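Next come the chains, spelled out residue by residue.
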Amino acid sequence: MLDVKNIKKDFPIFKNHENDKKPLIYLDNAATTFKPKSVIDATSRYYLEDGANAHRGDYDLAYHVDKEVEKCRAHLASFLNCFSREIVFTSGTSMSMNLVAYGYGIKFLKEGDEILLTEAEHASNVLPWFKVSETTKAKINYIPLDEEGRCTPEALRKVITKNTKVVSIAQVTNVLGFKIDIKEMAKIAHEYGAILVCDAAQSAPHMKIDVKDLDCDFLCLSAHKMLGPTGIGALYGKFDLLKKMDPFMMGGGDNARFDMCGNVAYLEPPAKFEAGTMNIAAIYGFDEALTYLENIGLENIENHEKELRNYAINKLKELDNVIIYNEKADAGIITLNVKGVFPQDEASYLNSKGICVRSGEHCAKLLKDRLKTVGTIRVSLYLYNDKSDVDALYEALKNGGNFLDAFFN
Amino acid sequence: MLSLTNEMKREIIMEHYNSPNNKVEDITKISNFENFRKIRMDSDSCIDDITIYLDIENDVIKNAYFSGVACAISTASTDILCDMVKNKSEKDALYIISQYENMLYEKEYDSEVLEELNAFSETHKQAARIKCATLGAFGISKILNGENDE
């Protein structure tokens, strides 16, 4: 397991809450993650030292900012094993997904075409496709999940047809935490001439990703779920696809020239998609987040979470009042309920013990029917969690039926 | 009203959560339901999703019901409110709601009119739950202020 005691020292938020009345046990990492000091410092460094805009100026400061932005782009490209020109900075996964939907989906799909999703997708991988469907009359269908809620290549093979143009799925689903075999899915999609869009919001922070090996066509991620700042993320796209798709935001910085007759010459990707001033400070921080993750090692992080998850599952299974919905899942996500307690009531009870978890439908609203419950509690682990966090959760859930304690103490 | 101990408050909330008086599975089984005014209250920040129905005749609330799913705090507060607004004029009902909101937001309030709603006087200590405690109240005041879902 990772040396969590030392890792925690890198994250100022833990120290800043050391003297709180209750402990800070953060188990909502699928929502967002805390930032190491190196990331926070890099973000400040932009404002303290560099300050200029990117892609604009003719002076030293601006030149330096450009270099830093491109350094992060190259870093992310090596992190994912692709070319820098295949990395588009966005505000995060939602924007990346929307860019694919608007820039590729609306441009190339038509009536009679089909988009394949699953019932376990996050809203950001569903709603943009609803828009594509509404605009182009392409149809949305769902790859059936198996009994546990997993999406398998076999299931894709059963439903895919020659009309399928897009298969868009999460590599790790945000409620159930199953790891999907994207490589095999992409292979099947390509056999039918469809593209594969991979939502990596919940996978990129926790496992090594090699987009060339996966052979996915697009991949979307958010920095803030992987120790980086909020408001920055990326879209990876195969260069030929990026070249032929449209930007969905037009403006300064994405064109070479335009005239009053409406003629525009857009820049090559990725600049074509990066109109307007980006969140430059966050790009500085994102670069450091990648460094931090690489120093620990994605494989080590994955193994740490796996071990901690097993520990948690074995421990929580002892509790008769707890229902676990995804015992066999792969990622550090545990979805549960306390019998007879509404998830939000339980989450606020856990809050009174200093435990941060997410209750609700977790944006995957379609799952409701499958899990046969209106909502759940999601526990999501990361590199700064250890067994003591799980023990605290266990102790709190043990008494979880008395959830109104939180209201009166 | 006598001041409530925490134990009593807890009992009131659990009682109205576990066996609400005014919760219906299917509103169409209630006679005259076609004439009820209704509003759906679903929250963007949680999974609470209830619909409130008021049967109003000549500015008097004859009956109040709700359906849907919600947490203990939302369910219990909505149920108590439904009990309390029955047979009251619209004006009196709005007065109760305004005093209830004052209590939740730690302003001065008239605890006499709040009856069992006094069980929620500690809500501000769990500020994230104020939204739960006001879901039903906002719904009822929306209807009384003229909103009506088709």
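No experiment lies behind these values; they were computed from the predicted model shown. (Residues numbered from 1 in each chain as written. Chains lettered and ligands numbered in written order. Predicted model: local features only at pLDDT ≥ 70, side-chain atom pairs only at ≥ 80, totals over all residues. Heavy atoms only, no water.)

Further remarks concern the pattern of salt bridges. Residue and element names in this part refer to chain A. The full count for this structure, using the stated rule, is 33 salt bridges over all chains. Between Glu-18 and Lys-15 there is a salt bridge whose closest N-O contact spans 3.7 Å. Across this residue pair, the class does not change: Glu-18 and Lys-15 are exposed. Across the salt bridge formed by Arg-45 and Glu-68, the nearest N and O atoms sit 3.5 Å from each other. One end of the pair, Arg-45, is in helix H3 (residues 37-50); the other, Glu-68, is in helix H4 (residues 60-80), with 23 residues separating them in the sequence. Looking at Arg-45, the relative accessible area reads 22%, which means it is partly exposed. (Salt bridge = Lys/Arg side-chain N within 4 Å of Asp/Glu carboxyl O. Buried < 20%, exposed > 50% of the residue type's maximum accessible area, 1.4 Å probe, protein only. Helix = DSSP H or I, 4+ residues; strand = E, 2+ residues; numbered from the N terminus.)

Residues and elements named next belong to chain A. In this fold, Ser-96 is placed in helix H5 (residues 93-108). Separated by 2.9 Å, the side chain of Ser-96 and the backbone oxygen of Ala-234 make a polar contact. Setting aside chain neighbours within four positions, we find Ser-96 in contact with Thr-90, Cys-220, Leu-221, Ala-234 and Leu-235. (Polar contact = N/O pair within 3.5 Å; in protein donor to acceptor, adjacent residues only side chain to side chain. Contact = heavy atoms within 4.5 Å.)

The next subject is the pairing of strand E3 (residues 114-118) of chain A. All names here are of chain A. Of all the five residues making up E3, five are buried; the element is thus mostly covered by neighbouring parts of the structure. By the alternation rule, side chains of E3 split into Glu-114, Leu-116 and Thr-118 and Ile-115 and Leu-117, which are all buried. As defined by bridge partners, E3 adjoins strand E4 (residues 139-143) across five bridges and the pair is classed as parallel. In the sheet register, Ile-115 faces E4, and the bridge partner there is Ile-140. The parallel pair E3 and E4, bridged by helix H6 (residues 127-136), forms a crossover whose chirality is right-handed. Across three bridges, the pairing between E3 and strand E5 (residues 164-170) is parallel. Counted as the bridge partner of Ile-115 is Val-166 from E5. (Pairing = 2+ DSSP bridges. Right-handed = clockwise from strand over helix to strand, strands pointing away.)

Residues and elements named next belong to chain A. By the assigned domains, chain A splits into domain 1 (4-30 + 297-408) and domain 2 (40-294). The straight-line distance from the C-alpha centre of domain 1 to that of domain 2 is 29 Å. With 31 residues of domain 1 at the interface, the matching set in domain 2 holds 36 residues. Carbon and sulfur atoms supply 57% of the area that domain 1 and domain 2 bury against each other, a total of about 2,700 Å² over both sides. One can count three salt bridges joining domain 1 with domain 2. Linking Arg-150 and Asp-330 is a salt bridge whose minimum nitrogen-to-oxygen distance equals 3.4 Å. (Domains from an automatic or database assignment. Buried area = accessible area lost by both parts, 1.4 Å probe.)

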